[in-house]
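Each chain, letter by letter, is given below.
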Amino acid sequence: MRKLRVGIVDLVTRGPTRALYARIMHANLASIMPQVVGVWCEAEGHEVTFVCYTGFEDLVRELPADVDLVFIGAFTEAALLAYSLSNLFRSRGAVTVLGGPHARCYPEDARQYFDYVLGFTDRTVVREILDDCAPHRPDGRHLAAGRQPAALPGVRERWKFIAPTLKKAPLFKIVPMLGSLGCPYTCSFCIDSVVPYQQLDLDVLQEDLRFLRQQLRRPRVGWHDPNFGVRFDEFLDAIEAAAPPGSIDFIAESSLSLLSEPHVIRLKRNGFKALLPGVESWFDLGNKSKTGKVEGHAKVEQVSEHVNMILRHIPYVQTNFVLGLDSDRGPEPFELTKRFVDLTPGAFPGYSLLSAFGRAAPLNLQYQRSDRVLPFPFHFLDNNHAMNVKPQNYSWQEFYDHVIDLTRYTFSRRAIVRRFRATRAPIPRWMNVVRAVSSEGFGRIRYHSEVRRRLDTDPQLRGYFDRATTELPAFYENQVRRDLGPLWHWLPQGALSHDHHAYLKSEAIPIRLERH
Ligand code: B12
Ligand code: SF4
């Protein structure tokens, strides 16, 4: 078998940045799978060059010019960067592979620009590509394992890719780990609602924690489990046995329904320093937040009490909300979130605009069927720079007015100071300030305000939002051009647009055009 020169690129972001938050955090957001693929390729006897792109590197320089095969891992927000890179590498004779959230959500589109596009990826799939390693054009091969892999290489095996990535994180370093895949819950907006829950090998997990304690003085681990702590006691017993309390700090995304006070106390004892529960909505998805049928004001009070309880034990809590859900109408949902900000000053609220990522979730079929999905270029699909679902109960102007008002309220001087005072640990309290004044708080207020202004003054943009035209407003095209920099010239023709009904068409259900 030919020994291949394999390049692996983990795209944490969609283009160059100088933001302070990005400097501190991007290297800490690296994905696990590109590292896994690196381990598998080396185990098959190939030579691997690995780059985690955080927005500060010169990608064209960092990548070897003579690779045979390039794997790129990308979220949808980085799809256009990934497409441009693929085009560049193909021009130099390489074969290209796309994996990750974008490949899972938009395979039909990605096949036009890659030789292979991957869904669930296990070692057999990677081996098949390494054996085949041939151009497949114009349409790439779509390969996927039948289910999530039963086992993945742990930290010890991935360390040679983790260590250089962590070097790029100046302030603190977070090691990505995974204890489970899938989720037993079935929230219809979620990519994992149809993926069965599966725990990974606890022995590997324990060995990794022991290994980490030898490598770093006080390691920090970020769990990438879709819903951490489903088999709570089993998991915590395993962690505790390998990492005695105080030896490792942990961060996890978990649903409020799993975060009862006894569980939170146990998490505290075992070094959990940050938790990211999803609240999502005051009028829907009660099963996630353990609020059942309680809605509106009563839900705000209940959730706030719950989050304040968590904050008594855990220094950093980010509560996630989705803005623009169909269950929302009028100012009330936004006013309730402001009330939550007042009642829960220590929590950092993370806002996402309702987004339908291709075939990510069963609910997206419904949005496509009722013709509510907008064809915003992938570059803007990061839950913030565009909302690609027409809100059910708001005009665009009304909606943006509410979003801006809420964001201003959340990142007002008063709220920042209250958050600072309510947070005792030094890194969390300064992290909250950095997030507020950097790209996330102030940056979004500026961006949303610009979109809102243009809804009144830019007929091209207004027509696009109202779906009177599909011609991309210059406002958006200019941003892509600026963000891609020298790679703009490699963006394949046509890549700025995609078929936003591809999922529906693939299900062979006729499109019913219902305008709202
Ligand atoms: C953990 C997680 C995070 C973590 C870690 C992110 C990271 N870099 O990996 C954090 C909190 C940082 C995060 C941030 C964000 N996230 Co997130 N996140 C998740 C979550 C909960 C789990 C993903 C995971 O790691 N699963 C475990 C892996 C092993 O399984 P998998 O993802 O299914 O991957 C399989 C295949 O896709 C493939 N594969 C995956 N990557 C690669 C790479 C290569 C090279 C190859 C060959 C194969 C391959 O192999 C895997 C095994 O079968 C998912 C939701 C979910 N329930 O899945 C959302 C999800 C991936 N996130 C999402 C989003 C939108 C974001 C943010 C943009 C949110 C925001 N506004 O900040 C940011 C983007 C950050 C970034 N660019 O890195 C979306 C992505 C949609 C899309 N198409 O882009 C998801 C799907 C949630 C959703 N809204 O539906 N996220
Ligand atoms: S609990 Fe979280 S991971 Fe599980 S299906 Fe719901 S949103 Fe997805």
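Residues numbered from 1 in each chain as written. Chains lettered and ligands numbered in written order. Predicted model: local features only at pLDDT ≥ 70, side-chain atom pairs only at ≥ 80, totals over all residues. Heavy atoms only, no water.

### Describing the site of ligand 1
Applicable threshold: Neighbouring residues are identified by heavy atoms, a residue being near a molecule or strand if any of them is within 4 Å of it. Between N or O atoms, a polar contact is any pair within 3.5 Å; within protein, one atom must be a potential hydrogen donor and the other a potential acceptor, and residues adjacent in sequence are included only when both atoms are from side chains. Runs of H or I in DSSP of at least four residues are treated as helices and runs of E of at least two as strands, each being numbered from the N terminus. Residue type decides the class: Asp, Glu, Lys and Arg count as charged, Ala, Val, Leu, Ile, Met, Phe, Trp, Tyr, Cys and Pro as nonpolar, and the leftover types, Gly among them, as polar. Marked domain ranges trace back to an automatic or database domain assignment.
Lining the immediate surroundings of ligand 1 are 35 residues, of which V12, L29, R104, Q148 and D192 lie closest. Here T121 contributes a backbone N or O atom positioned 2.8 Å from an oxygen atom of ligand 1. Contact between ligand 1 and Q148: an oxygen atom at 2.5 Å from a side-chain N or O atom of the residue. Those elements that place two or more of their residues in the shell around ligand 1 are α2 (33–43), β3 (69–74) and α5 (101–105). Partitioning the shell around ligand 1 into residue classes produces 19 nonpolar, eleven polar and five charged. Split by domain, the shell around ligand 1 shows at least three residues from each of two domains, domain 1 (5–143) and domain 2 (362–390 + 458–488).

### Quick look at the side chain of N432
Let me state the cut-off plainly: Residues are treated as being in contact if the distance between any of their heavy atoms lies within 4.5 Å.
Note on placement: N432 falls in helix α18 (residues 426–437). Separated by 2.9 Å, the side chains of N432 and Y316 make a polar contact. In contact with N432, other than residues within four places in its own chain, are Y316, G346, F348, R419 and T423.

### Some words on the sheet that holds strand β2 (residues 47–53)
Where we set the bar: Any two strands are treated as partners once DSSP identifies two or more bridges connecting them. To obtain each axis, a line is fitted to C-alpha atoms, and for helices this fit is confined to the stretch in contact; angles are then taken between N-to-C directions over 0 to 180 degrees.
Reading across the sheet, the six strands line up as β2-β1-β3-β4-β5-β6 and stay open at both edges, with parallel pairing between neighbours. Of all strands in the sheet, those bounded by a partner on one side alone are β2 and β6 (141–143). The average undirected angle you get between the axes of adjacent strands in this sheet is 20°. Across the sheet, helix α4 (residues 79–91) lies against β1 (5–11), β2, β3 and β4 (95–99), angled at about 175° from β3, the strand it touches most.

### Thoughts on the domain arrangement of the protein chain
Which entries qualify depends on this criterion: Accessible area, probed at 1.4 Å, shrinks when two parts are joined; the buried area is that loss added up over both. For this analysis, a salt bridge means a side-chain nitrogen from Lys or Arg found within 4 Å of a carboxyl oxygen belonging to Asp or Glu.
Along its sequence, the protein chain is carved into domain 1 (5–143) and domain 2 (362–390 + 458–488). The C-alpha centroid of domain 2 is placed 24 Å from the C-alpha centroid of domain 1. For the pair domain 1 and domain 2, the summed buried surface comes to about 1,200 Å²; carbon and sulfur atoms form 67% of the total. For domain 1, the biggest contributors to the area lost against domain 2 are R14, E77 and L80; these three give 49% of the whole. One can count one salt bridge joining domain 1 with domain 2. Across the salt bridge formed by D483 and R14, the nearest N and O atoms sit 3.9 Å from each other. Scanning the region where domain 1 abuts domain 2 turns up two residue pairs in polar contact (both at pLDDT 80 or more). The leading source of residues in the side of domain 1 that touches domain 2 is α4, at seven residues.

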